[in-house]
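For reference, the chains in residue letters:
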Amino acid sequence: MIEVSGINAFYGTSHILHDVDIHLPDEGRVAVVGRNGVGKSTLLKSIMNAGPKTQGEVRWNGESITRLPAYKRARLGLQLVPEDRRIYQHLTVLENIRMSEFASASGKPCMTADELVGHFPMIEPILTRLGGQISGGQQQMVAVARAIACRPRVLLLDEPTEGLAPAIVEQLVENVRGICDAEKTSLLLCEQNIWFARKTTDRVYVIDTGRIAFSGTWDEFDAHPEIKQQHLAV
Amino acid sequence: MLFAIINSLTTGMAVFLVAAGLTLIYGVMRILNFAHGAFFMVGAYLVSSMVGQAPPSTLALAAAAILAAFIVGLFGLVVQRVVLKRVQDADEHYMLIATFAVMLICVGVVKLIWGLEFLSVSPPPGLEGGNMLGPVFVPTFSIFVIVCGVLAFLLLELLLQRSWAGKMLTAMSRDRLMAQLMGLNVPVWMMVAVGCSFALAGLAGGLLLPNQTLSPVLGDQFLLMSFATIIVGGLGSIRGAFLAAILLGLIDGFNAIAFPNIPGVGIYIGLVFFLLVRPNGILGEEQI
Ligand SMILES: Nc1ncnc2c1ncn2[C@@H]1O[C@H](COP(=O)(O)OP(=O)(O)OP(=O)(O)O)[C@@H](O)[C@H]1O
Ligand SMILES: [Mg+2]
């Protein structure tokens, strides 16, 4: 589905990602874990071509999309939920969600509000509220709901659990798994919450200061406790 | 007194018509477009060529102004494609220099086509003269300008706040990155915004043509006033520009009565005052 090879990413002159390779198979669920500031968000933004300057190649179903602008990548079916959520404050929750119709991949109908509420019961009572008038946790739900509303092929989630109460994080596990099962969506998740990452994905990459330090299944990850020690302990 | 207020409002609304497009393009592209006044002037010249020095009717004037808006809007698309698009990701200074260059070119072309001499156009028959409102004489053309300004304001507000396209334009101006992530064809929406901004300049040029002395420096006069207006109003805010236009109009009117030998100074004193009190403008936080 997505094949990232030899990506180097830069902000101005600072070199953030160094020759990163990531493979996200069709219907695969992959986590990228790492400490603060190691380049997780930069990786997702590089995949969307939204921000950092990048070198290297991003392939989509075998075809290079390295030169496509972000909005065209969105229209291919890539949806990024950024870490800062970025809900439009002047639009209602429903309007925020409706905006994703711009990214609807060729002819596939977007979800109706009812269908979406089926996945995220939490957003039902706030649909007509303005984006600026909902809580941080609600914003996170809306951000995910808005990303999946038009049935993307790949969901890129950037630290979705940040700032959520434990009970809501458990709820989010069910939401994310439910959506990926129902829509056959692939998932690339950046997280610091190992528990959440383990629950929602099959494979894991560990990233440290812009380089991939480990990749494998969660069982393999557990078999090497020193990886956690070396690259994730704070 | 009433006469002074009506005069001030006329000035204010005339400036608002020009400033609206200037603040719109700032809201969406974050550029201060020095060429805006020049294109306002192009609109005025275009209309003068269409209707002559004595417009046959109000309708003809309005139709010509709309046509000029359309033409100047197309110029806007060209400027966007050829100039602004190339510098939009560069440093702000490049943007300023680029729009300044566009202004110089534009003024040069105006001189080549329409010459240097002053031209004046009288109001069409329907807008000539005036009425007595109690003891004061109110020129019909003043009423026309005020009505145009208020209508333009209401229409812009309605479009930007209520229509889906307006909401998307606002969304793009507030968070361009997210708009792209949602699949919005940002370059096309930029074109739309720039086209609208230039069209507003052209429209204003046409509507305000009568009673103006048309010369290649017309753009500069309005550009300065418009910049003052959008700075006082809060860059990017249509509502702010509207309020600021009225305020600065009133200040200018008061200036003309109280200190008739130093016209135009009041605006700058007002500008300095507002910058000290509200450096982000009256409605600085609230962008289009
Ligand atoms: N816009 C930017 N301009 C310059 N440097 C940046 C920018 N954004 C991030 N950086 C730097 O790039 C590095 C990687 O940042 P990134 O946001 O990708 O980290 P992260 O792994 O997502 O961290 P976190 O877990 O805190 O979200 C950091 O050192 C950060 O300071
Ligand atoms: Mg991050």
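Here, the structure is the one placed above.
Only a predicted model underlies this, so the values are computations on that prediction, with no experimental measurement involved. (Residues numbered from 1 in each chain as written. Chains lettered and ligands numbered in written order. Predicted model: local features only at pLDDT ≥ 70, side-chain atom pairs only at ≥ 80, totals over all residues. Heavy atoms only, no water.)

Participant: Could you clarify how one ought to interpret the coordination of the magnesium ion (ligand 2) in this entry?
Facilitator: Ideal values differ by geometry: the angle at a metal is 109.5 degrees with four tetrahedral donors, but 90 or 180 degrees with six octahedral donors. Residues and elements named next belong to chain A. The magnesium ion (ligand 2) binds to the protein through Ser 41 (OG) and Glu 83 (OE), with metal-donor distances spanning 1.9 to 2.4 Å. Of this pair, Ser 41 sits in helix H1 (residues 40–48) while Glu 83 sits in the loop between strand E6 (78–81) and helix H3 (93–98); the two residues are 42 residues apart in sequence, bridging distant segments of the chain. A relative accessible area of 11% means that Ser 41 is categorised as buried. Here Glu 83 falls in the partly exposed class, since its relative accessible area comes to 29%. (Donors = N, O, S within 2.8 Å, 3.2 Å for Na, K, Ca; no water. Helix = DSSP H or I, 4+ residues; strand = E, 2+ residues; numbered from the N terminus. Buried < 20%, exposed > 50% of the residue type's maximum accessible area, 1.4 Å probe, protein only.)

Participant: I tried to follow the site of ligand 1 on my own but got confused; where do I start?
Facilitator: All names here are of chain A. Taken together, 13 residues are adjacent to ligand 1, and Gly 37, Lys 40, Ser 41, Thr 42 and Glu 159 come closest. If you tally residues by element for the shell around ligand 1, the top one is H1, at three residues. Along the lines of polarity and charge, the residues of the shell around ligand 1 split into three nonpolar, six polar and four charged. (Near = heavy atom within 4 Å. Nonpolar A, V, L, I, M, F, W, Y, C, P; charged D, E, K, R; others polar.)

Participant: I'm lost on the sheet that holds strand E5 (residues 63–64) of chain A in this one. Help?
Facilitator: Residues and elements named next belong to chain A. A sheet is described by the order of its strands in space; here four strands give the open sequence E2-E1-E4-E5, paired in antiparallel fashion. Of all strands in the sheet, those with a lone pairing partner are strand E2 (14–24) and E5, marking the two edges. Pairing geometry for strand E1 (residues 2–11) and E2, over seven bridges, is antiparallel. Along E2, the bridge assignment pairs Ile 7 with Val 20. Strand contacts of H1: E1, E2 and strand E4 (53–60), with the helix running at about 110° to E1, the strand carrying the most contacts. (Pairing = 2+ DSSP bridges. Contact = heavy atoms within 4.5 Å. Axes fitted to C-alpha atoms, helices over the stretch in contact; angles between N-to-C directions.)

Participant: Which parts of the structure should I look at to understand the packing of helix H1 (residues 2–29) of chain B against helix H10 (residues 238–258) of chain B?
Facilitator: Describing two packed helices takes the angle between their axes plus the distance from one axis to the other. Residue and element names in this part refer to chain B. Running from N to C, H1 and H10 cross one another at 145°; their axes reach a closest spacing of 7 Å. Here the hand of the crossing between H1 and H10 comes out right-handed. Contacts between H1 and H10 involve Ala 4, Ser 8, Leu 9, Thr 11, Gly 12, Met 13, Phe 16, Ala 20 and Thr 23 on the former and, on the latter, Ile 238, Ala 241, Phe 242, Ala 245, Ile 246, Gly 249, Leu 250, Asp 252, Gly 253 and Ile 257. Tallied by class, the residues present in the contact of H1 with H10 amount to twelve nonpolar, six polar and one charged. (Left-handed = near helix turned anticlockwise from the far one by under 90°.)

Participant: Can you help me understand the nonpolar core in this one?
Facilitator: In summary, soluble globular proteins display a tendency toward joint burial of nonpolar side chains. Formed by 119 residues in total, the largest nonpolar core has its most connected members in A:Ile2, A:Leu156, A:Leu188, B:Phe16, B:Met29, B:Phe39 and B:Met172. The element that contributes the greatest number of residues to this core is H1(B), accounting for 13 residues. For A:Leu156, the residues in contact, after removing those within four places along its chain, are A:Leu44, A:Ile47, A:Met48, A:Leu78, A:Gln79, A:Leu80, A:Val81 and A:Leu188. A:Val33, A:Ala143, A:Val144 and A:Ala145 belong to the second-largest nonpolar core, a separate cluster that totals 43 residues. (Core = buried A, V, L, I, M, F, W, Y, C linked by side-chain atoms within 4.5 Å.)

Participant: Is there a simple way to think about the sheet that holds strand E9 (residues 203–208) of chain A in this case?
Facilitator: Strand pairing in a sheet relies on backbone hydrogen bonds, with the paired strands running either antiparallel or parallel. Residue and element names in this part refer to chain A. Spatially, six strands are ordered E6-E7-E8-E3-E9-E10 in an open sheet, and the strand pairing comes out mixed. Taken across any chain shown, the strands that pair with only one partner, and hence form the sheet edges, are E6 and strand E10 (211–217). Averaged over all pairs of adjacent strands, the angle between their axes in this sheet comes to 15°, without regard to strand direction. Direction of pairing for E6 relative to strand E7 (residues 154–158): parallel, over a ladder of four bridges. Counterpart to Leu 80 in the pairing with E7 is Leu 156. Each of E6 and E7 is contacted by helix H5 (residues 136–148), which is oriented at about 175° to E6, the strand it contacts most. The strands touched by helix H9 (residues 225–232) are strand E3 (29–33), E9 and E10; relative to E9, the strand with the most contacts, the crossing angle is about 35°.

Participant: Just checking my understanding: could you explain the state of the cysteines for this structure?
Facilitator: Between two cysteines, a covalent bond joining their sulfur atoms is known as a disulfide. Residues and elements named next belong to chain A. Tallied over the entire structure, the rule returns one disulfide over all chains. Note that Cys 110 is cross-linked by a disulfide to Cys 150, the S-S spacing being 1.9 Å. Across the S-S bond of Cys 110 and Cys 150 the torsion is about 95°, and the bridge reads as right-handed. Of this pair, Cys 110 sits in the loop between H3 and helix H4 (113–119) while Cys 150 is found in the loop between H5 and E7, placing the two residues 40 residues apart along the sequence. What makes Cys 110 partly exposed here is its relative accessible area of 21%. Looking at Cys 150, the relative accessible area reads 6%, which means it is buried. Here Cys 180 stays free of any disulfide, with the sulfur of Cys 190 as its closest cysteine sulfur at 14 Å. (Disulfide = S-S within 2.5 Å.)

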